[in-house]
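Now for the letters of each chain:
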Amino acid sequence: MQTTDTTSSPARDRVKNNWEFTEVWIDPMLSPPYILLLLCDSEDNCQVYDPAQGYKVVFSSNDYNAAKLWLLEDEYEPIEGRLLAAELA
């Protein structure tokens, strides 16, 4: 049986340890709603993580608006509010 390594490279996960803010997005059509996390750094590098898949990166972009549009295309909706890394320090 052939397997494929899906481990993210360190360059792809740059945002994970250097994030500026995060948003929670949901698919409200499912019960319970399906949740994705959007993390962006100060340079607008953004990644969408799927908690149900072990926080696997499911989308990556160098632009917040591109990440937001990707989520909206799949009919995800943002939960009101944004968590800032500075608020946790």
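The structure this text deals with has already been given above.
Keep in mind it's a predicted model, so treat the numbers as computed, not measured. (Residues numbered from 1 in each chain as written. Predicted model: local features only at pLDDT ≥ 70, side-chain atom pairs only at ≥ 80, totals over all residues. Heavy atoms only, no water.)

(A) Structural detail: the overall build of the protein chain. Check the secondary structure of the protein chain and you find three helices and six strands. Ordered by position in the sequence, the α and β elements of the protein chain form the string α-β-β-β-β-α-β-β-α. Classification of the 89 residues of the protein chain by burial places 30% in the buried group. Counted over contacts in the protein chain with a minimum sequence separation of 6, partners at least 24 positions apart contribute 40%. By element, 51% of the accessible surface of the protein chain is carried by carbon and sulfur atoms, the whole surface being about 6,200 Å². (Helix = DSSP H or I, 4+ residues; strand = E, 2+ residues; numbered from the N terminus. Buried < 20%, exposed > 50% of the residue type's maximum accessible area, 1.4 Å probe, protein only. Contact = heavy atoms within 4.5 Å. Areas by Shrake-Rupley, 256 points an atom, 1.4 Å probe, with all protein chains shown as cover.)

(B) Here's a closer look at the state of the cysteines. Here the structure, examined in full by the defined rule, presents one disulfide. Each sulfur in the disulfide pair Cys40 and Cys46 lies 2.1 Å from the other. Note on the Cys40 and Cys46 pair: the S-S dihedral is about 115 degrees, so by sign convention the disulfide is right-handed. Judged on exposure class, the residue Cys40 and its partner Cys46 are both buried. (Disulfide = S-S within 2.5 Å.)

(C) Summary view of the pairing of strand S2 (residues 34-40). Among the seven residues in S2, five count as buried, and that is most of the element. For strand S1 (residues 21-27) and S2, the ladder comprises seven bridges, and the chain directions are antiparallel. Each residue of the ladder has a partner; that of Glu23, found in S2, is Leu38. With antiparallel pairing between neighbouring strands as the criterion, S1 and S2 make up a hairpin whose turn holds six residues. Between S2 and strand S3 (residues 46-50), which pair antiparallel in sequence order, lie five residues; one of them, Asp44, sits at a positive phi of approximately 70 degrees. (Pairing = 2+ DSSP bridges.)

(D) Main features of unusual backbone geometry. Residue Pro32 is bonded to the preceding Ser31 through a cis peptide linkage, with omega at -5 degrees. For Tyr55, which is not a glycine, the phi torsion comes out positive at approximately 60 degrees. Mapping Tyr55 onto the fold places it in the loop between S3 and strand S4 (56-61). Take Tyr55: its relative accessible area is 45%, and that puts it in the partly exposed class.

(E) Seen up close, the environment of Gln47. As for its placement among the helices and strands, Gln47 is situated in strand S3. Taking the relative accessible area as the measure of exposure, Gln47 reaches 2% and is therefore buried. On a C-alpha basis, the gap between Gln47 and Tyr64 in space is 9.0 Å, while along the polypeptide they are 17 residues apart. There is a polar contact of 2.5 Å between the side chain of Gln47 and the side chain of Tyr49. (Polar contact = N/O pair within 3.5 Å; in protein donor to acceptor, adjacent residues only side chain to side chain.)

Honestly, it's all geometry; don't read function into it.
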